[in-house]
Amino acid sequence: MQPFTLNYARPAAELEAVVPYVYDSGLQLNVLFDGRPAASDKALLRELGTTTSTAGSKTHFDD
């Protein structure tokens, strides 16, 4: 017997996004390609709302 919701469940659409920053493990923060901290770029923060990385998830079990 198949649960009712599985008749309507669909996988989330995969969106391709180009992120203008990378995580720097030495500095432990996201940096732009020119080396500046991503959080210092106000236009980027307005557009994206935040800069995120997976670093916390890899180092803390309670995230």
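Cut-off values and rules
- Residues numbered from 1 in each chain as written.
- Predicted model: local features only at pLDDT ≥ 70, side-chain atom pairs only at ≥ 80, totals over all residues.
- Heavy atoms only, no water.
- Helix = DSSP H or I, 4+ residues; strand = E, 2+ residues; numbered from the N terminus.
- Contact = heavy atoms within 4.5 Å.
- Areas by Shrake-Rupley, 256 points an atom, 1.4 Å probe, with all protein chains shown as cover.
- Salt bridge = Lys/Arg side-chain N within 4 Å of Asp/Glu carboxyl O.
- Buried < 20%, exposed > 50% of the residue type's maximum accessible area, 1.4 Å probe, protein only.
- Pairing = 2+ DSSP bridges.

Draft legend 1. Looking closely at the overall build of the protein. In terms of regular secondary structure, the protein is built from two helices and two strands. Taking all contacts inside the protein whose residues are at least 6 apart in sequence as the whole, residues at least 24 apart take part in 18%. Surface summary for the protein: the accessible area is close to 5,800 Å², and the carbon and sulfur share equals 56%.

Draft legend 2. The pattern of salt bridges, seen in detail. A full pass over the atoms with the stated rule returns two salt bridges. Measuring nitrogen to oxygen at the nearest pair gives 2.9 Å for the salt bridge that ties Arg-36 to Asp-34. Its relative accessible area of 54% is what places Asp-34 among the exposed residues. Linking Arg-36 and Asp-41 is a salt bridge whose minimum nitrogen-to-oxygen distance equals 3.9 Å.

Draft legend 3. Representation of the environment of Val-19. By the element assignment, Val-19 lies in the segment before strand S1 (21-24). Classification of Val-19 by relative accessible area gives partly exposed; the value is 39%. The sequence separation of Val-19 and Leu-48 amounts to 29 residues, and the corresponding C-alpha distance is 9.5 Å.

Draft legend 4. Region of the structure containing the pairing of strand S2 (residues 29-32). By the bridge criterion, four bridges tie S1 to S2 in an arrangement that is antiparallel. Counted as the bridge partner of Val-22 is Val-31 from S2. The antiparallel hairpin formed by S1 and S2 contains four residues in its connecting segment, where Gln-28 sits at a positive phi of about 60 degrees.

Scope: geometric values only; no functional claims are made or implied.
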